[in-house]
Amino acid sequence: QGLQLHLTDEHHKKKSSNGESQYNFEFNRSFQGDSTQEEVFEEISQLVQSAVDGYRVCIFAYGQTGSGKTYTMIGDPTSPGMIPRSLEQIFTSAEKMKEQGWNYSISVSMMEIYNEEYKDLLGKK
């Protein structure tokens, strides 16, 4: 069963039996609180490979305050998160391809959206 969100967008809008607007979305995968960093990265590593292959990719962490988004993305020294694991995969792949004569130009942006405001996490503080 898909997660139900209440939004203002008219796309995918449906009416419930009590007349409320509902927006239904389906997700291919969600993770429980006891999921390991390895399990999560195994799932997204193919997206990282798509970025190496030249496709635009966005990895989005969503959840309430305190639900573990920052830990999942950054991790700690003993259990690196998605960002350090992704960068390791990207630069390892780029080095292998460089040996075969390929050249890469890599650009990254990291944004945080909080209370409907965004912050560039790599910009000047």
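1. A few points about helix H3 (residues 82-99)
Think of an α-helix as turning once every 3.6 residues; residues three or four places apart then point the same way.
Part 1 of the argument: Look at H3: 26 Å from first C-alpha to last across 18 residues, which is about the 26 Å you get at 1.5 Å a residue.
Part 2 of the argument: Of the positions making up H3, those classed as buried are Met82, Arg85, Ser86, Gln89, Ile90, Ser93 and Ala94. Across the axial projection of H3, the buried residues extend over an arc of 165°, all falling on one side. Residues of H3 that are exposed and point over 90 degrees away from its buried face: Glu88, Lys98 and Glu99.
Part 3 of the argument: Gly101 sits one or two positions beyond H3 and adopts a positive phi of about 95°.

2. Structural notes on the side chain of Gln37
Part 1 of the argument: Topologically, Gln37 is positioned in helix H1 (residues 37-52).
Part 2 of the argument: With relative accessibility at 5%, the residue Gln37 sits in the buried group.
Part 3 of the argument: In this structure Gln37 touches Tyr71, Thr72, Gly75, Ser79, Pro80, Gly81, Met82 and Arg85, once residues within four positions along its chain are discounted.

What counts as what
- Residues numbered from 1 in each chain as written.
- Predicted model: local features only at pLDDT ≥ 70, side-chain atom pairs only at ≥ 80, totals over all residues.
- Heavy atoms only, no water.
- Helix = DSSP H or I, 4+ residues; strand = E, 2+ residues; numbered from the N terminus.
- Expected span 1.5 Å × (residues − 1).
- Buried < 20%, exposed > 50% of the residue type's maximum accessible area, 1.4 Å probe, protein only.
- Arc of directions from axis to C-beta.
- Contact = heavy atoms within 4.5 Å.

Function-wise, these values are silent; they only describe arrangement.
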